[in-house]
Amino acid sequence: MLYMIFSIVAYLVLAPLVGGFLAGVDRKITARMQGRVGPPVFQPFYDVLKLIEKEDITVNRVQDFYILCFLVFTAVAGGIFFAGESLLLVIFALTLASVFFIIAAFSSNSPYAQLGAERELLQVMAAEPMELMVAIGFYMVIGTFDVSQIIQVGAMPLPYLIGIFLGLVYILTIKFRKSPFDLSMSHHAHQELVKGMTTEISGKTLAMTEVAHWYENILLLGFIFLFFVNGTWWGALIGVVVCLLAYFLEILIDNSFARMKWQIAFKSAWVVTIVVGVTNLLVLAFV
Amino acid sequence: MSYVAKSPWVIHYDGSSCNGCDIEVLACLTPMYDVERFGIINTGNPKHADVFLVTGSVNEQNKNVVKQIYEQMPEPKVVVAIGICANSGGVFKECYNILGGVDTVIPVDVYVPGCAARPEAIIDGVVAGLGKLAEKRKALEGDVIVEPERASAGEQQAQDTDEREEGAK
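Right, let's walk through the structure included here. All values derive from a computational prediction rather than experimental measurement.

1. Concerning the interface of chain A and chain B
Part 1 of the argument: In this assembly, 25 residues from chain A lie in contact with 19 residues from chain B.
Part 2 of the argument: Of all the secondary-structure elements, those providing two or more residues to the side of chain A that touches chain B are α2 (43–53) and α8 (203–226) of chain A.
Part 3 of the argument: Ranked by residue count, the leading element in the side of chain A that touches chain B is α2(A), at six residues.
Part 4 of the argument: Each residue belonging to the side of chain A that touches chain B can be placed in one class, and the counts come to nine nonpolar, eight polar and eight charged.

2. Re the nonpolar core
Part 1 of the argument: With 81 residues, the main nonpolar core has A:Phe70, A:Ala77 and A:Leu168 as its most contacted residues.
Part 2 of the argument: It is α8(A) that contributes the most residues to this core, 14 residues altogether.
Part 3 of the argument: For A:Phe70, the residues in contact, after removing those within four places along its chain, are A:Ala97, A:Phe100, A:Phe101, A:Ala104 and A:Ala212.
Part 4 of the argument: Core analysis: the second largest hydrophobic core is formed by 38 residues, B:Ile11, B:Val25, B:Val54 and B:Val79 among them.

3. What to know about helix α1 (residues 20–27) of chain B
Residue and element names in this part refer to chain B.
Part 1 of the argument: Within the sequence span of α1, burial applies to Cys21, Asp22, Glu24 and Val25. In a view along the axis of α1, the buried residues occupy a sector of 165°, so they form one face of it.
Part 2 of the argument: On its buried side, α1 packs onto β1 (9–14), β3 (51–55), β5 (78–82) and α4 (119–141).

4. So, the pairing of β3(B)
Consecutive residues of a regular strand have side chains that alternate between opposite faces of the sheet.
Residues and elements named next belong to chain B.
Part 1 of the argument: For β3, the tally of buried residues reaches five of five residues, placing the bulk of the element in the interior.
Part 2 of the argument: By the alternation rule, side chains of β3 split into Val51, Leu53 and Thr55 and Phe52 and Val54, which are all buried.
Part 3 of the argument: Relative to β3, β1 runs parallel, the two sharing five bridges. Paired with His12 across the strands is Leu53, a residue of β3.

5. Regarding the sheet that holds strand β7 (residues 110–112) of chain B
Residue and element names in this part refer to chain B.
Part 1 of the argument: Reading across from one edge, β2-β1-β3-β5-β7 is the order of the five strands in this open sheet, with parallel pairing throughout. At either end of the open sheet lies a strand with only one pairing partner, and these are β2 (41–42) and β7.
Part 2 of the argument: With three bridges joining them, β5 and β7 adopt parallel strand pairing. Within β7, the residue paired with Ala81 across the bridge is Tyr111.
Part 3 of the argument: Its contacts with the sheet put α1 on β1, β3 and β5, and the angle it makes with β3 is roughly 145°.
Part 4 of the argument: Together, β1, β3, β5 and β7 form the strand contacts of α4, whose direction differs from that of β5 by roughly 160°.

Cut-offs and rules
- Residues numbered from 1 in each chain as written.
- Chains lettered and ligands numbered in written order.
- Predicted model: local features only at pLDDT ≥ 70, side-chain atom pairs only at ≥ 80, totals over all residues.
- Contact = placed C-beta atoms within 7 Å.
- Helix = DSSP H or I, 4+ residues; strand = E, 2+ residues; numbered from the N terminus.
- Nonpolar A, V, L, I, M, F, W, Y, C, P; charged D, E, K, R; others polar.
- Core = buried A, V, L, I, M, F, W, Y, C linked by C-beta atoms within 7 Å.
- Buried ≥ 20, exposed ≤ 12 C-beta atoms within 10 Å, placed from the backbone.
- Arc of directions from axis to C-beta.
- Pairing = 2+ DSSP bridges.
- Axes fitted to C-alpha atoms, helices over the stretch in contact; angles between N-to-C directions.

And the structure:
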């Protein structure tokens, strides 16, 4: 129980710090890939601290409440995960968080934000089946949805879940909002939709959105980590290294692709889900 | 400590520029000049922006657009007029549709002259604007939301009163 509380507090405190730092490293590596010097590594923190200082100019007040819910439920989802509770609950809480984000964008009445919200719905639809398959896969291999029991199993789950792992890495591009699938909003200067879902979000509310993304990113890397735990320290080490490699891969993909149409994002995500995800589950069911 | 000067996000608007200054503004974002070193990002969204870069003079058609973008930006914010057309109207000053520089519509904090303004000058102008941003942030902290011009006029008045009082003594 004490361990559980410690894990939750550690996640709530450390995830924004590590997430923000990773975002800074992302921007630095991106800049280097483009032949630029790039901002300081702590730039994402400067950005968020600046946004907190800005004037509050929200048009529709209810939007700020939804964004707060987005932040809270993202943190709750991560808290459940790091407390060692059910994977299903984590995925549902995370989905609820993104629903709040979508509602916030819709509530602003800005056509750009609404178009972004529609695209976000499509992205959720594209990525969600694979997320659920991660939970189902772990259940079929280990016999439980509980993270605390999954990490105590002696054998590394990866060999049994290799297809699901690949599928998860594929949808990670959607979840991290990286090109080619940064349809609903982007950190880059793609200006076809102004800023998509965040068009009407400014100041403190935008800062909350950023922090929620950091929480979300750490949680998603936690999913990757889960494939490598085998109860030993070297299993954990491999997990951390693979998390960093996956993050680097996302940065590389981000810099190598232009934004694609939503049709491609949607179809390819489902094809990958069916080919690697369902096949993996079928193999687990029959073997 | 204020962080406004550490992460200035810019929005760029082309008044009736010939695109010379626009290209120079965008050149600032390229690997050659790389303004992201200073945390500067081109947002394209007034609600996220701290620095408003205007190129070209303001005309009858776009004066409302310029005003609207300015009003949509949250405080503290600064306006940087880039190029001689944005400063004063430049060679287009006498045209029937041109109002003049950007300061005919919105208060301008930094003037960057040039035709076209060079990227170095633009970066210099934005960095000068950062000092203004920090000042404006301080003014907001003190809850005295006053226009800079008004504030200095007030000081002048106070000085005048002091002098008069001294004179009376």
